[in-house]
Amino acid sequence: MSGRPEAGGVRAIVVDIEGTTSPTSSVREDLYGYTRARLPQWLADNRGGAADAVLAQTRELARRSDADETEVAEILRGWLNSDVKAQPLKTAQGLICAEGFRDGALHGEFFPDAPPALRAWHAAGLALHVYSSGSVRNQQDWFAHARGGELASLIGDWFDLNNAGNKRERASYEKIAGAIGLPGQEILFLSDHPDELDAAVAAGWSAIGVTRPGEPNSPRPPHHWIVSFAEIEL
């Protein structure tokens, strides 16, 4: 593509969150910090419930079958600090942060151009979906409790590591296309990560890279890159 990218023939748009709709810092400082502080107590308070699966999955992934509750909390905190995309961590984070969203301690933060673009695309009849490494629960809360007004009602479906798979693998995008019920060429993916764009294109999707000032990922050919959703023409 050259000039302003066009989304002709596109019937659905799938957006990433970190670095694409929202500042990475807001996710990692707010959500990660909230989770980090509450992990040990959450594990203790939810034995016999949601914490049991998190404990078992963490021990299995870490190959620490003998790890006690305190050690599991430290393993999870270590993964959080290293931004490891581990399913038990994402599950725990989603459940822990849900309370923070509901009591007003947490809000979804978005780049200024994202909410008006999402609303315009929805009004134009495009189906909108989210694909993020954060759990579906976290995604829904992030959009539902967006600062400046809820955005969750614009989103048709939510995809994460659990229900779609690794974001750098072609098969994940093929799975999402099947769930959406559209051929790849009618789906546009927006992400700040070149490897994710590569995987989407390999699955037959259209893809545009989003590069924002201060974000960690750098543009890479052959993808077209934009700095604002306002650059996309329907």
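Residues numbered from 1 in each chain as written. Predicted model: local features only at pLDDT ≥ 70, side-chain atom pairs only at ≥ 80, totals over all residues. Heavy atoms only, no water.

Engineer: Quick question: what am I supposed to make of empty space enclosed by the protein here?
Structural biologist: Here the idea is plain: a probe the size of a water molecule rolls over the atoms and shows the empty space left. If you walk through the whole model with that rule in mind, you get one cavity of 30 Å³ or more. Considering only enclosed or pocket space, the largest cavity measures out at about 110 Å³ in volume. Taken together, 13 residues make up the lining of the largest cavity; nearest its centre are Ile-17, Val-27, Leu-31, Ser-132 and Gly-134. For the lining of the largest cavity, the secondary-structure elements that each account for two or more residues are helix H1 (24-45), helix H4 (87-102) and helix H6 (136-144). Residue composition of the lining of the largest cavity, by class: five nonpolar, six polar and two charged. (1 Å grid on protein atoms, 1.4 Å probe; cavity = no way out; pocket = protein on both sides within 12 Å on 5 of 7 lines; lining within 4 Å. Points joined across faces, edges and corners; volume = space filled by probe spheres on them. Helix = DSSP H or I, 4+ residues; strand = E, 2+ residues; numbered from the N terminus. Nonpolar A, V, L, I, M, F, W, Y, C, P; charged D, E, K, R; others polar.)

Engineer: When you look at the side chain of Asp-192 in this model, what are you seeing that I'm missing?
Structural biologist: By secondary structure assignment, the location of Asp-192 is in the loop between strand S4 (187-191) and helix H8 (194-202). Despite its burial, Asp-192 pairs with no opposite charge; the closest candidate is Lys-167, at 6.5 Å N-O. In this structure the side chain of Asp-192 is engaged in a polar contact, spanning 2.9 Å, whose partner is the side chain of Asn-217. When sequence neighbours within four positions are dropped, the list of residues in contact with Asp-192 reads Asp-16, Glu-18, Gly-19, Thr-20, Val-210, Asn-217 and Trp-225. (Buried < 20%, exposed > 50% of the residue type's maximum accessible area, 1.4 Å probe, protein only. Lys, Arg positive; Asp, Glu negative; His and termini not counted. Salt bridge = Lys/Arg side-chain N within 4 Å of Asp/Glu carboxyl O. Polar contact = N/O pair within 3.5 Å; in protein donor to acceptor, adjacent residues only side chain to side chain. Contact = heavy atoms within 4.5 Å.)

Engineer: What exactly am I supposed to notice about the packing of aromatic side chains here?
Structural biologist: Each aromatic ring pair is characterised by the separation of its centres together with the angle its planes make. On inspection of all chains with the given rule, the structure shows nine aromatic pairs. Note on Tyr-131 and Tyr-173: the rings are 5.4 Å apart at their centroids and 75 degrees apart in plane angle, and the pair reads as edge-to-face. Separated by 42 residues along the polypeptide, Tyr-131 in strand S2 (residues 127-131) and Tyr-173 in helix H7 (residues 170-180) bring together distant segments of the chain. Take Tyr-131 and Tyr-173: they sit in the same class, and that class is buried. Cluster of aromatic residues (ring-pair linked, three or more members): Phe-101, Phe-110, Trp-142, Phe-143 and Trp-158. Just above the ring of Tyr-34 sits the side chain of Arg-38; from NZ or CZ to the centre is 3.6 Å. Lys-167 extends its terminal NZ or CZ atom over the ring of Tyr-131, reaching a point 5.3 Å from the ring centre. (Phe/Tyr/Trp six-rings, centres within 6.5 Å; stacked < 30°, edge-to-face > 60°. Lys NZ or Arg CZ within 6 Å of the ring centre and 35° of its normal.)

Engineer: Where do I start with the packing of helix H3 (residues 69-81) against H4 in this structure?
Structural biologist: The angle between the axes and the distance between the axes are what describe a pair of packed helices. Two elements in contact, H3 and H4, have axes whose closest approach is 10 Å; the angle formed by their N-to-C orientations is 95 degrees. Relative to H4, the element H3 is oriented roughly perpendicular. Facing Leu-76, Trp-79 and Leu-80 of H3, the residues of H4 in contact are Pro-88, Leu-89 and Gln-93. Across the contact of H3 with H4, the residue classes break down as five nonpolar, one polar and no charged. (Axes fitted to C-alpha atoms, helices over the stretch in contact; angles between N-to-C directions. Parallel < 35°, antiparallel > 145°, perpendicular 65-115°, else oblique.)

Engineer: Honestly, the pattern of salt bridges in this entry has me stumped. Any pointers?
Structural biologist: Close approach of charged atoms allows side chains of opposite charge to pair. Taken as a whole and assessed by the stated rule, the structure comprises 19 salt bridges. Residue Glu-109 pairs with Arg-147 through a salt bridge whose shortest N-O separation is 2.7 Å. Of this pair, Glu-109 sits in the loop between H4 and helix H5 (114-123) while Arg-147 sits in the loop between H6 and strand S3 (155-159), placing them 38 residues apart in sequence. Judged by its relative accessible area of 52%, Arg-147 is exposed.

Engineer: Looking at this structure, I do not really get the pairing of S2. What am I missing?
Structural biologist: Residues in a regular strand point their side chains to alternate faces of the sheet. By the criterion of burial, S2 is predominantly enclosed, with four of the five residues buried. Bridge count between strand S1 (residues 12-15) and S2: four bridges; the pairing is parallel. From the neighbouring strand, Ala-12 faces S2, where its bridge partner is Ala-127. Across four bridges, the pairing between S2 and S3 is parallel. From the neighbouring strand, Val-130 faces S3, where its bridge partner is Trp-158. (Pairing = 2+ DSSP bridges.)

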